[in-house]
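So you can see what is in the structure, the chains are spelled out below.
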Amino acid sequence: MKLLYEGKAKKVYQTENDQEIMVYYKDDATAFNGIKKAQIVDKGELNNAISSIIFTYLTEHNIPNHFIKKISEREQLCKKVAIIPLEVIVRNVVAGSLAKRLQIPEGQIIEHPVYEICYKNDELGDPLINDHHAVMLKLATYDELKSIYQMTKDINHLLITFFDQVGILLVDFKIEFGKDHEGHIILADEISPDTCRLWDKETHERLDKDRFRRDLGSIKEAYQNIYDRIKN
Ligand code: UDP
């Protein structure tokens with residue numbers, strides 16, 4: 001199969017069907033815009049499994065998305081989309097760059113979820129932008145942003161419930177959208193401990209990529225813990 005794109009954690013291949021791609025999940029982990037790098041054994045398998053479960057749940061709740069099916073330990077079949085170069089971030093609890101930028105302690109509950117958009121551009125370090133910048137840069141129209149925010153809000157509600165049922169606090173997460181061959185905007189990319197902050201509800205133990213970013217150890221065990229809680 002022809003390699004269409006290789007990212008930091010995944011490879012994307014063209015399949016025989018023009019409108020379908022195969023996504024391969026690697027064990028590579030990067031942080032701080034690629035400055036910190038490592039291999040985390042079995043991360044690819046775990047993220048493929050976790051993201052497949054979450055996308056299946058979102059499909060069952062009528063969120064239009066690119067996921068078709070998991071085809072092997074590390075591979076998924078997905079609809080081909082043109083990725084909109086925006087990282088859409090949702091925050092339910094203060095953490096990470098928000099805590100740093102506004103000097104607010106991590107762990108503070110956010111009453112009205114905060115939505116942020118970043119321009120997906122490695123050279124610029126994915127800068128935080130607003131809707132007007134996104135329109136200026138022709139990344140999306142105002143109408144498209146409206147539909148992206150509506151879908152994002154629905155996804156947040158669904159994911160909060162999904163994780164809460166297994167004792168996990170959904171602190172924040174990043175999602176990406178793409179346009180399918182008919183121009184419809186659908187959820188794409190992955191949803192996994194690489195792209196979400198997931199804390200144990202009782203102990204606030206971090207079960208996500210912060211274990212890698214902050215050298216907390218037991219990374220694979222944390223991802224496995226998430227998988228074990230959601231697999232049924
Ligand atoms: N995130 C991501 N990819 C990125 C940047 C952020 O998946 O390139 C996720 C991150 O895992 C967290 C949320 O988006 O769940 C908010 O990240 P934040 O802005 O706090 O950035 P960070 O602390 O990772 O620099």
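Refer to the structure presented above.
Position labels on residues start from 1 in each chain and follow its written sequence. Only residues with pLDDT of 70 or above have their local features reported here, since the model is predicted, and side-chain atom pairs are shown and tallied only from 80 upward, although totals for entire chains, interfaces and linings are computed over all residues. Note: side-chain values were computed over all heavy atoms of the structure, leaving out hydrogens and water.

## Quick word on the packing of aromatic side chains
Okay, so step 1: Each Phe, Tyr or Trp ring (for Trp, its six-membered ring) is paired with any other whose centre lies within 6.5 Å, and the angle between the two planes then decides the class: stacked below 30 degrees, edge-to-face above 60, tilted in between. Across all of its chains, the model carries four aromatic pairs by this definition.
Okay, so step 2: Where Phe-162 meets Phe-163, the ring centres are 5.1 Å apart and the plane angle is 85°; that geometry is what we call edge-to-face. Of the two residues, Phe-162 and Phe-163, neither departs from the other in class, the shared state being buried.
Okay, so step 3: Linked through ring pairs, Tyr-57, Phe-162 and Phe-163 together constitute an aromatic cluster.
Okay, so step 4: Across the ring face of Tyr-24, the terminal group of Lys-11 is positioned such that the distance to the ring centre comes to 5.9 Å.
Okay, so step 5: Here, a charge over a ring means that NZ of Lys or CZ of Arg falls within 6 Å of the ring centre while also lying within 35 degrees of the ring normal. A cation over a ring is seen here: Lys-36 above Phe-212, with NZ or CZ 5.1 Å from the ring centre. Exposure is judged per residue with a 1.4 Å probe applied to protein chains only, and the accessible area is read against the type maximum: over 50% gives exposed, under 20% gives buried, and values in between give partly exposed.

## Structural notes on the pattern of salt bridges
Pairing between side chains becomes possible if they bear opposite charge and their charged atoms approach one another.
Okay, so step 1: Counted as salt bridges are all cases of a side-chain nitrogen of Lys or Arg within 4 Å of a carboxyl oxygen of Asp or Glu. Following the criterion strictly, the structure yields 27 salt bridges and no others.
Okay, so step 2: One salt bridge connects Arg-213 with Asp-210, and the closest N-O pair in it is separated by 2.6 Å. One end of the pair, Arg-213, and the other, Asp-210, are both in helix α5 (residues 210–213), three residues apart, so they sit about a helical turn from each other.
Okay, so step 3: According to the relative accessible area criterion, Arg-213 is partly exposed, its value standing at 24%.
Okay, so step 4: You can call Asp-210 buried: its relative accessible area is 0%.
Okay, so step 5: Notably, a salt bridge pairs Asp-210 with Arg-214, separated by 3.6 Å at the nearest N-O pair.
Okay, so step 6: Arg-214 gets classed as partly exposed once you look at its relative accessible area, which sits at 34%.
Okay, so step 7: In this structure, a network of salt bridges that share partners links the residues Arg-91, Arg-101, Glu-106, Glu-116, Asp-172, Arg-197, Arg-206, Asp-210, Arg-213 and Arg-214. Numbering goes from the N terminus for both helices and strands, where a helix is a DSSP run of H or I of at least four residues and a strand is a run of E of at least two.

## What to know about the environment of Ile-50
Okay, so step 1: Turning to its location among the elements, Ile-50 is positioned in helix α1 (residues 43–60).
Okay, so step 2: For Ile-50, a relative accessible area of 1% puts it in the buried group.
Okay, so step 3: C-alpha of Ile-50 to C-alpha of Leu-159: the two residues are 109 residues apart in sequence and 13 Å apart in space.
Okay, so step 4: Contact partners of Ile-50, with chain neighbours within four places excluded, come to Ile-191, Ser-192, Pro-193, Tyr-223, Ile-226, Tyr-227 and Ile-230. Working rule for contacts: check all heavy atoms of both residues, and any pair within 4.5 Å makes them a contact.

## Some points on α1
Okay, so step 1: Between the first and last C-alpha of α1 there are 26 Å, a value that for 18 residues agrees with the 26 Å anticipated at 1.5 Å per step.
Okay, so step 2: In terms of residue burial, α1 counts as a mostly covered element, since 13 of its 18 residues are buried.
Okay, so step 3: Asn-62 sits one or two residues past α1 and shows a positive phi near 65°. The span you would expect from a helix comes to 1.5 Å times its residue count less one.

## Some remarks on the packing of α1 against helix α4 (residues 142–164)
Okay, so step 1: Interaxial angle, 0 to 180 degrees, is taken between N-to-C directions of lines fitted to C-alpha atoms, where a helix line uses only the stretch in contact. Viewed as axis vectors pointing N to C, α1 and α4 meet at an angle of 120°, and their least axial separation amounts to 11 Å. Here α4 runs oblique to α1, going by the angle between their axes. By crossing handedness, the relation of α1 to α4 is classed as right-handed. Each of Ile-53, Ile-54, Tyr-57 and Leu-58 in α1 lies in contact with α4, whose residues at this interface are Ile-155, Leu-158, Leu-159, Thr-161, Phe-162 and Phe-163.
Okay, so step 2: Amino acids outside the nonpolar list (Ala, Val, Leu, Ile, Met, Phe, Trp, Tyr, Cys, Pro) and the charged list (Asp, Glu, Lys, Arg) are all regarded as polar, and Gly is one of them. In the contact of α1 with α4, the residues fall into nine nonpolar, one polar and no charged. Under this scheme an angle from 65 to 115 degrees is roughly perpendicular, one under 35 degrees roughly parallel, and one over 145 degrees roughly antiparallel; angles in between are oblique. The hand of a helix crossing depends on one turn: near helix anticlockwise from the far one by less than a right angle means left-handed, and clockwise means right-handed.

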